[in-house]
Amino acid sequence: MVTSPDIFLQTLLNGFLIGAVYGVAAIGLSLVWGVLGLVNLSHGALLIAAAYITFLLYVGLGAPPLVSAPLAFLIGAAAGLLFYKGFGKRLTSTDPSYSLLFFFGLALFLTNTILNLLGPDVRGIPWLIESAALGPVSVSVARLISFGLVGVSFITLYLFINKTFYGKAIRAVVANRLGAVTAGIDVQWVFAVCTSIGFGITFFSGSLVALVNPFTPSSGDGYLMYAFATVVLGGVGSIVGAFLAGILLGIVESFVGVLFTQGVSPAVAFITLVLVILFRYGRR
Amino acid sequence: MKIGKTGLSKAALVAVVAVVLVVGAVAAVLVLSQPSQPTVAERPLTVGFSISISGDFSVPGKKQLEGIELWKDYVNGRGGIFVKDENKYYKVELKYYDDKSSKDEVIRLYEKLINEDKVDVLLSPYSSTLALTAAGISEKYGRLMIVVGANSDTIFKQGYRYIVGTYTPASKMLTQAIDVILKHKQSPSVAIIYKDDAFAKSVAEGAKAYAEQKGVRVLAFEMYPRDAKDLSPILTKIKGVQVDAILGGGHYEDEVLLVRQAKELGINPEVMALLVSPSLPAFYDALKEASQGILAPSHWEPQLKYQITIGPTADEFLSSFRAKWGSDPSYHSAAGFAAGLYLQAAIEKAGTLKNDALRKAFNDLDIVTFYGRLKIDPATGNQVGHELVLLQWQSGRKEVVWPENVATSRIIYPKPSW
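If you're wondering where the values come from, they're calculated on a predicted model, not measured in any experiment.

**Focus on the overall build of chain A**
- Regarding its fold elements, chain A presents 11 helices and 2 strands.
- When its helices and strands are written in sequence order, chain A yields α-α-α-α-β-β-α-α-α-α-α-α-α.
- Against the 2.2 N^0.38 benchmark of 19 Å for 284 residues, chain A shows a C-alpha radius of gyration of 19 Å, consistent with a compact globule.
- Across its three principal directions, the C-alpha atoms of chain A cover 60 × 50 × 35 Å.

Given below as C-alpha cells:
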C-alpha cells in the first residue's frame, strides 16, 4: 500500500512521533530496574496517574500540558524520593519476588483509587487537536509539541547522566554495584536520586500521554507492556537504549500497520523483541 | 274423606322435588363455575441473574441492574404478575449476585441460581461474553433466559432453545449509518475498521455484509489491536484509498483516539459513525469541536416516544428512575426495565410459569414498550422487532437524527470538515 513517497514519509513520521513517546515512557522503568534492580510493575499505573493529574490541571485551572508536564516531573520526583525513603529502601534488600508483589499491589491500588475518585469514563485533553502540514504530510500538532518536550527532557537527562559527577556515580552503580561501593560511592544516595528521577520522568511522560492520547483508569497496562518491550530491546538501565528502542518500536509498528494490517503490529513488535533477546542476550 | 285425594298427587310431588333438585343443581353449578377472586401467591416469583457490580462491566452492569430493580417496584406496585393457570398474582423477587465481570463466576452463579436457589426464570448477565456463557447453562437445564445487555449474533447461533433477546443484534448496529450515506450519495465507498474483540467484529461483519448487499464499495476492512495507542497506521491506509465514510470502532479509548487522529491526519469523510463512545457525555468532553457530526447507534434515548402497548411511558420511566436512583437512566437501564416488562407479558400470555410454555409464548408476542418494539425470531430467539436510532453530536448536544420519523433534529450531512 506504500505506493507513494508521501505515504512512506507519513508512515515514517507517524511511527517516529509515537515511538518517541514510547521511548521516554520507558526511561523511568529502565532506570529503576537497572540501578535498583526493582521491576516496577506499577509503572503503567503511575504514568496514568500523572495523565490524570495533567487532565485535572487542564480542566480545573486551564493549564495546558506544556505547563503541567514540568510540574508533573516535579511531583513525580518528590513522590519518588518519598517512595524510596518509605518503601524502596526495604524493597531493595528483600527477595525480588516481594518487590514484584509490592508493585503489583501498588498498581491495583492506584488504578482502583483513580477509578473510584474519577470514574471509569474515557478522558482526554481537547487541546490542540489540530493538523499541521509539513510538505506533503499531515502531522498532529499535539504530537509535535510532545516531541519537542521529549527532546528537551531527553537531552537534559542524557547530559545529567553522562556529563556530571552524579551521573557518573549512577552509571557506576549500574555497571557494578559492589565496585561502586568499594570506590566510595554512597549507593543509598544513588538509589534515592534514581528513584526520584525515574518517577519524575515517568510522570512527565504520563503528562505527554495525556497530551496526545485519550485514556481511562485502566490504560496503564498497555503502556506497561510497551515500556517492558522497549526496556528489554534497549537494554536494562540504558536511557539512550530505551529512547532509541521506543522509536524503533514505533516505526516498526507504523510500517507493519500500513504495509500489512495493524491487527498484527503488536505481534510483529514482540517478534522483533524475541529476536533481539535471542541474538543479543542469547550468546552470553 | 280420603287424605290422599285432597293433597298433592304423587306425580306432582315427584315433579316438585325434581324441579327443586334441578334448580339447586343449576344454582350450584353456577356458583361453582363463577371465577373465584384471584389470590396472592404464597411465594414470590423469583427472577435470578448475575450482574457485574465490580470489574470491567460494572458501569453498564449497575445501570442495567437499576432498571431491573425499578421494574420490580413497578410490577409489585401493581399487585404482581397474574398467572392464569393458578389464578394467582405473584409478587416478583430478584435473586442476583455480583459476577465480578468474570466468566468463571457466571458459570458458578447460574448453576447456583438454578440448583440451589431454584429461581423461576433467568435474566442474562451484562455483556455478550458473559451472556453467551450463561446461555449455555440455561440450555443445559432447559431454563428460560431473557438476554439483556448483550447482542452478539454468536449467542443466537448456537441453536439454544431457551433464550430471548432484547437488544438489536450487533450485526445491525451500523446498517442505519449505511442507509444515511445511501440517502445522500450515489455509489458511495466506505472503510470499516474495528477493534479486535468479538462484539466489534460481529458489528463490522454485519455492516460489511449489508454494505455489499446494497452495492456500497467496502474499500478497507481492517482490525486494530486491543491496546493500540496509535491508530495512525490504519488511518494512513484509509487516507490512501479515499472513502466517503468511516464506520466502526469498538470501545471508549480507541474510538476517541480514532476521531482525534483522523482530525490530526486531515482525513475528512462525509460520515463517521462509531459504535459505543459517542453515546457518553465524556466523548464530547474529550474532543469538544472535533465531535461535531459524529454518528453513533443507540438502543434507546429518553426523547423517544413510542405508541406503547404495555408498561409506563418514557416520561413515567424517567421520573420514577430519577426519583429512585437520583440519576438519569442510560439505555442499559431502559433495556433492563423493558426485559422485565417483556417477561411479564409472556407470563401473562402463557398463564403459567412452566419455562417451556413461556418460551413458546414469546414466539408470537409482539409488544411496544417505552424502550421500543419487542418481537423475536421464533427459531433463534434473536430480537427482530427492536430498532436502533442514530445519534449525532451537534454543537455539543446529542441529537436523535435517524430514522427521520423519530428524529429530534435534522441530520448534519456531510459531517463538517474538521
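**Observations concerning helix α7 (residues 198-213) of chain B**
Residues and elements named next belong to chain B.
- Look at α7: 23 Å from first C-alpha to last across 16 residues, which is about the 22 Å you get at 1.5 Å a residue.
- When we look at burial in α7, the residues that qualify are F199, A200, S202, V203, A204, A207, K208 and A211.
- Check the buried side of α7 and you find it contacts α5 (128-141), α6 (175-184), β9 (189-195), β10 (217-224) and β11 (245-249).
- Residue G215 follows α7 closely and has a positive phi angle near 80°.

**Some details on unusual backbone geometry**
Residues and elements named next belong to chain B.
- Put simply, W402 and P403 share a cis peptide bond, and its omega is -5°.
- Topologically, P403 is positioned in the segment after β17 (397-402).
- P414 follows Y413 through a cis peptide bond whose omega is -5°.
- By secondary structure assignment, the location of P414 is in the segment after β17.
- Residue S187 is not a glycine yet carries a positive backbone phi of 35°.
- Following the sequence through the fold, S187 ends up in the loop between α6 and β9.
- By C-beta crowding, S187 is classed as exposed, having 9 other C-beta atoms within 10 Å.

**Description of the confidence of the model for chain B**
- Summing up the model confidence of chain B, the mean pLDDT is 92 and the portion of residues at 70 or higher is 95%.
- Confidence scores differ between elements of chain B, with helix α1 (residues 3-6) of chain B showing the lowest mean pLDDT of 50 and strand β7 (residues 145-147) of chain B the highest of 98.

**Brief notes about the domain arrangement of chain B**
Residues and elements named next belong to chain B.
- By the assigned domains, chain B splits into domain 1 (45-168 + 303-374) and domain 2 (172-298 + 389-406).
- Taking only C-alpha atoms, the centre of domain 1 and the centre of domain 2 are 30 Å apart.
- Broken down by class, the residue content of the side of domain 1 that touches domain 2 amounts to 2 nonpolar, 6 polar and 1 charged.

**Some words on the interface of chain A and chain B**
- If you look at the interface, chain A gives 33 residues, while chain B gives 32 residues.
- The set of elements that each furnish at least two residues to the side of chain A that touches chain B consists of α1 (5-36), β2 (137-140), α9 (220-234), α10 (239-259) and α11 (265-281) of chain A.
- For the side of chain A that touches chain B, the class distribution of residues is 12 nonpolar, 17 polar and 4 charged.

**A short note on the sheet that holds strand β2 (residues 45-51) of chain B**
All names here are of chain B.
- Reading across from one edge, β5-β2-β6-β7-β8 is the order of the 5 strands in this open sheet, with parallel pairing throughout. The sheet terminates laterally at β5 (92-98) and β8 (163-165), the two strands that pair on one side only. Going across the sheet, the axis of each strand differs from the next one's by a mean of 25°, ignoring polarity.
- Note: β2 against β5, 7 bridges, orientation parallel.

Conventions and cut-offs
Residues numbered from 1 in each chain as written. Chains lettered and ligands numbered in written order. Predicted model: local features only at pLDDT ≥ 70, side-chain atom pairs only at ≥ 80, totals over all residues. Helix = DSSP H or I, 4+ residues; strand = E, 2+ residues; numbered from the N terminus. Rg over C-alpha atoms; globule rule 2.2 N^0.38 Å. Expected span 1.5 Å × (residues − 1). Buried ≥ 20, exposed ≤ 12 C-beta atoms within 10 Å, placed from the backbone. Contact = placed C-beta atoms within 7 Å. pLDDT = per-residue confidence, 0-100. Domains from an automatic or database assignment. Nonpolar A, V, L, I, M, F, W, Y, C, P; charged D, E, K, R; others polar. Pairing = 2+ DSSP bridges. Axes fitted to C-alpha atoms, helices over the stretch in contact; angles between N-to-C directions.

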